[in-house]
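# Examination of the molecular architecture
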Amino acid sequence: MIIRKLSRFRLETVLFQNHRKYSNRNVLKLRERGLIEDLFPNTPVAVHEAIDLLVGKPQTVYAGFDPTAESLHIGNLLIICSLIHWQRAGHFPIALLGGATAQIGDPSGKTKDRDEAALYILEENTDGIKRNIQTVFANHEKYFWEKKAKAERLQPLQIVNNSKWYESMNVVDFIGHVGRQFRMGTMLRRESVQTRLDSEVGMSFTEFTYQIFQAYDWLHLYRKYNCRFQIGGSDQMGNIVSGHHLIDRFEKASVFGVTVPLVKTTHGDKLGKTAGNAVWLNPKMSSPFEMYQHFTRTTDNDVEILLKCFTFNSDAEIDAIVREHKNTPSKRTAQKKLAEDVTLLVHGEAGLKSALEATEALYSGTIESLSRLSADDVTRIFKDATVKEIFLKPGITVLDLSLEIPCFKSQGDAIRKIEAGGLYLNHQRITNFNEIITPSIHILPNKLSLIRSGKKNYYIVKWIL
Ligand SMILES: Nc1ncnc2c1ncn2[C@@H]1O[C@H](COP(=O)(O)OP(=O)(O)OP(=O)(O)O)[C@@H](O)[C@H]1O
Ligand SMILES: N[C@@H](Cc1ccc(O)cc1)C(=O)O
């Protein structure tokens, strides 16, 4: 997983080449950690104004999430981590659930219109992503704030749903009053619109209007909570600029958009629902073990930036972790720390424990570690394994079992390979093909046996006793 290389732009100049002293509330410093890709507007005057606001008093900041799936994923987690960084710096975070905007469909980065989802599905999805957000904020406070004996209270997270204000909105008022502030030319020039107009499938009028809805959300939050900052992935810049424009038209107020770099796969695709490569925050959709494994596979090149983006360790702590890692890269200290912190943030202590136990079961090769796992965990960890239900007939031998699965081409092949040491039952090599399967020896307490033939062909046998 990589995060897009940051472009150099004026914000950098303003932030780092003048020698003003800023307090901790200046979250634009997060650019140094790689958590900010761009600021809008980003003229030197605007950047100074943003910093003065941030340093002057706690500000309200929001980020929106459309409930287009049952769960958020680790791409969205980066946005949540950004909101948390703002909260740690003393600001007021708002997470907006797009109950209404999900019915419109954001065209940003999409090659075709979203399918219209039934309202009850959107409501279920909204509950799911609300739980994700609450869980991550609560875990952060418990494991990464209070545990560091921070005396100050964090400003509370506020969760709002934009269906609340659109429910009572009159369509004629909306188009007549809000829609009038937008020029067709500007709307048509947005990248999200252009790409779609150039494509064969085109774009519906509904999705074309999306930017007006997101713009109005910000205006609403500005009016109600004095919310002057919006955070989004870098694909959100067009919508954010629309909101900036609308607030300027109606309120003449200075507001700022902050974009976060997109988390991408090693092939350069945005990690997310649409690309179908998501690692989900809901443990029923991606287990804590899968999340842990995902982050332990981070390359040496990416691990430092991901530690800076997804964890709350200080720069000095990250430097120390990376230094230790560079001394003995084979220990993968940095990857383990990253995986541990993210799993704890998303799944809490119990989730991290199950991920570590599952990792041990997979790599330590001991029966004890396998026995501690539930049947579900075993199936999940060895998810590429063939699962087979087999009736435990009295006297069934290792050879019978291997033929019933089947894990060898023929009886002769099975005998030869077992005798040569090519069969493992619950991580133990078995070379006697006539050995009789005995529950207390070969079957785990969860009524499963894990079989491996060759280097990496795994089979899970669910015994019918
Ligand atoms: N891979 C990613 N990296 C960083 N931010 C992301 C990533 N994926 C989504 N986001 C951000 O999360 C916020 C909410 O995104 P949302 O859930 O509405 O759609 P999405 O996850 O982008 O959908 P899809 O994966 O279908 O493109 C937006 O600010 C979006 O830019
Ligand atoms: N448009 C954002 C979600 C969002 C919805 C409403 C908002 O006001 C802000 C953001 C996305 O699809 O990623």
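Residues numbered from 1 in each chain as written. Chains lettered and ligands numbered in written order. Predicted model: local features only at pLDDT ≥ 70, side-chain atom pairs only at ≥ 80, totals over all residues. Heavy atoms only, no water.

Moving on, we get to the overall build of the chain. When its secondary structure is counted, the chain shows 21 helices and 13 strands. Projecting the C-alpha coordinates of the chain onto the three principal axes gives extents of approximately 85 × 50 × 35 Å. Taking contacts inside the chain between residues at least 6 apart in sequence as the whole, the part at least 24 apart equals 75%. Total accessible area on the chain stands at roughly 22,300 Å², and carbon and sulfur atoms take up 51% of it. Of note, the chain has its 60 positive side-chain charges centred 4 Å away from the centre of its 52 negative side-chain charges. (Helix = DSSP H or I, 4+ residues; strand = E, 2+ residues; numbered from the N terminus. Contact = heavy atoms within 4.5 Å. Areas by Shrake-Rupley, 256 points an atom, 1.4 Å probe, with all protein chains shown as cover. Lys, Arg positive; Asp, Glu negative; His and termini not counted. Charge placed at Lys NZ, Arg CZ, Asp CG, Glu CD.)

As a further point, take the sheet that holds strand β9 (residues 386-391). Pairing within the open sheet is mixed, and its five strands lie in the order β9-β13-β12-β10-β11. Only two strands of the sheet have a single neighbouring strand rather than two, namely β9 and β11 (428-429). Across two bridges, the pairing between strand β10 (residues 423-425) and β11 is antiparallel. Considered in β11, the bridge of Leu 425 is made with Gln 428. (Pairing = 2+ DSSP bridges.)

Bringing the UniProt feature "domain: Tyrosine--tRNA ligase SYY-like C-terminal" (unreviewed entry) in the chain into the picture now. Under the present numbering, the feature "domain: Tyrosine--tRNA ligase SYY-like C-terminal" (unreviewed entry) in UniProt falls on residues 396-461. Along residues 396-461 one finds 30% helix and 24% strand; the C-alpha atoms at either end are 14 Å apart. (UniProt positions renumbered as here; feature names shortened; annotations may be inferred.)

This next bit is on the environment of Thr 386. As for its placement among the helices and strands, Thr 386 is situated in strand β9. Residues Thr 386 and Cys 407, 21 residues apart in the sequence, show an inter-C-alpha distance of 9.8 Å. Sequence-distant contacts of Thr 386, defined by excluding residues within four places in its chain, comprise Tyr 458, Tyr 459 and Ile 460.

Inspection of the region around ligand 2 gives Tyr 62, Gly 64, Asp 66, Leu 96, Thr 101, Asp 106, Tyr 210, Gln 214, Asp 217, Gln 230 and Gln 236 as its neighbouring residues. Side-chain polar atom of Tyr 62 to an oxygen atom of ligand 2: 2.8 Å apart, as the coordinates give it. Take Gln 214: an N or O atom from its side chain is 2.8 Å from a nitrogen atom of ligand 2. When ligand 2 is considered free in solution it has 340 Å² of accessible area, and contact with the protein chains removes 88% of it. Those elements that provide at least two residues to the shell around ligand 2 are β3 (60-65) and α11 (210-225). (Near = heavy atom within 4 Å. Polar contact = N/O pair within 3.5 Å; in protein donor to acceptor, adjacent residues only side chain to side chain.)

A cis amide bond links Phe 40 to the next residue, Pro 41, at an omega of -10°. You can see Pro 41 is positioned in the loop between β2 (38-40) and α2 (44-56). Look at the link from Ile 405 to Pro 406: it is a cis peptide, with omega at -20°. By the element assignment, Pro 406 lies in the loop between α19 (398-404) and α20 (411-419).

Our focus in this paragraph is the sheet that holds strand β6 (residues 227-233). Within the open sheet, the six strands sit side by side as β2-β7-β6-β3-β4-β5. Their pairing is mixed. Taken across any chain shown, the strands that pair with only one partner, and hence form the sheet edges, are β2 and β5 (158-161). Within the sheet, the average angular offset between the axes of one strand and its neighbour, ignoring direction, is 25°. As defined by bridge partners, β3 adjoins β6 across three bridges and the pair is classed as parallel. Residue pairing for β6: Thr 60 is matched across the bridge by Cys 227. The sheet contacts of helix α12 (residues 237-251) involve β2, β6 and β7 (256-260), and relative to β2 the element is tilted by about 25°. (Axes fitted to C-alpha atoms, helices over the stretch in contact; angles between N-to-C directions.)

The subject of this paragraph is the environment of Val 172. Looking at the secondary structure, you find Val 172 in helix α7 (residues 171-178). Along the sequence, Val 172 and Arg 114 sit 58 residues apart, while their C-alpha atoms lie 25 Å from each other.

Now for the packing of aromatic side chains. Evaluated as defined, the whole model comprises 10 aromatic pairs. What links up through ring pairs into an aromatic cluster is the set Trp 165, Tyr 166, Phe 174, Phe 213 and Tyr 216. In this structure, Arg 223 is placed above the aromatic ring of Phe 250, and the distance from its NZ or CZ to the ring centre is 5.4 Å. The ring of Tyr 424 has Arg 452 sitting right over it, with the charged end atom 4.2 Å from the ring centre. (Phe/Tyr/Trp six-rings, centres within 6.5 Å; stacked < 30°, edge-to-face > 60°. Lys NZ or Arg CZ within 6 Å of the ring centre and 35° of its normal.)

Right, let's get into the packing of helix α14 (residues 300-310) against helix α16 (residues 333-363). For the pair α14 and α16, interaxial distance at closest approach is 10 Å and the crossing angle is 35°. Handedness of the α14/α16 crossing: left-handed. For the pair formed by α14 and α16, the contact residues are Asp 300, Val 303, Leu 306, Leu 307 and Phe 310 on the first element and Ala 334, Gln 335, Lys 337, Leu 338, Val 342 and Leu 345 on the second. Tallied by class, the residues present in the contact of α14 with α16 amount to eight nonpolar, one polar and two charged. (Left-handed = near helix turned anticlockwise from the far one by under 90°. Nonpolar A, V, L, I, M, F, W, Y, C, P; charged D, E, K, R; others polar.)

Moving on, we come to a negative patch on the surface. Together, Glu 70, Glu 123, Glu 124 and Asp 127 make up a negatively charged patch on the protein surface. Residue position: Asp 127 is located in helix α5 (residues 119-145). Using a relative accessible area of 44% as the deciding quantity, one classes Asp 127 as partly exposed. (Patch = residues over 30% accessible without salt bridge, like charges linked within 9 Å, V, L, I, M, F, W, Y side chains within 5 Å. Salt bridge = Lys/Arg side-chain N within 4 Å of Asp/Glu carboxyl O. Buried < 20%, exposed > 50% of the residue type's maximum accessible area, 1.4 Å probe, protein only.)

Moving on, we come to a nonpolar patch on the surface. Together, Val 171, Val 172 and Ile 175 make up a nonpolar patch on the protein surface, roughly 310 Å² of accessible area in all. If you trace the backbone, Val 171 turns up in helix α7. We classify Val 171 as exposed; its relative accessible area is 59%.

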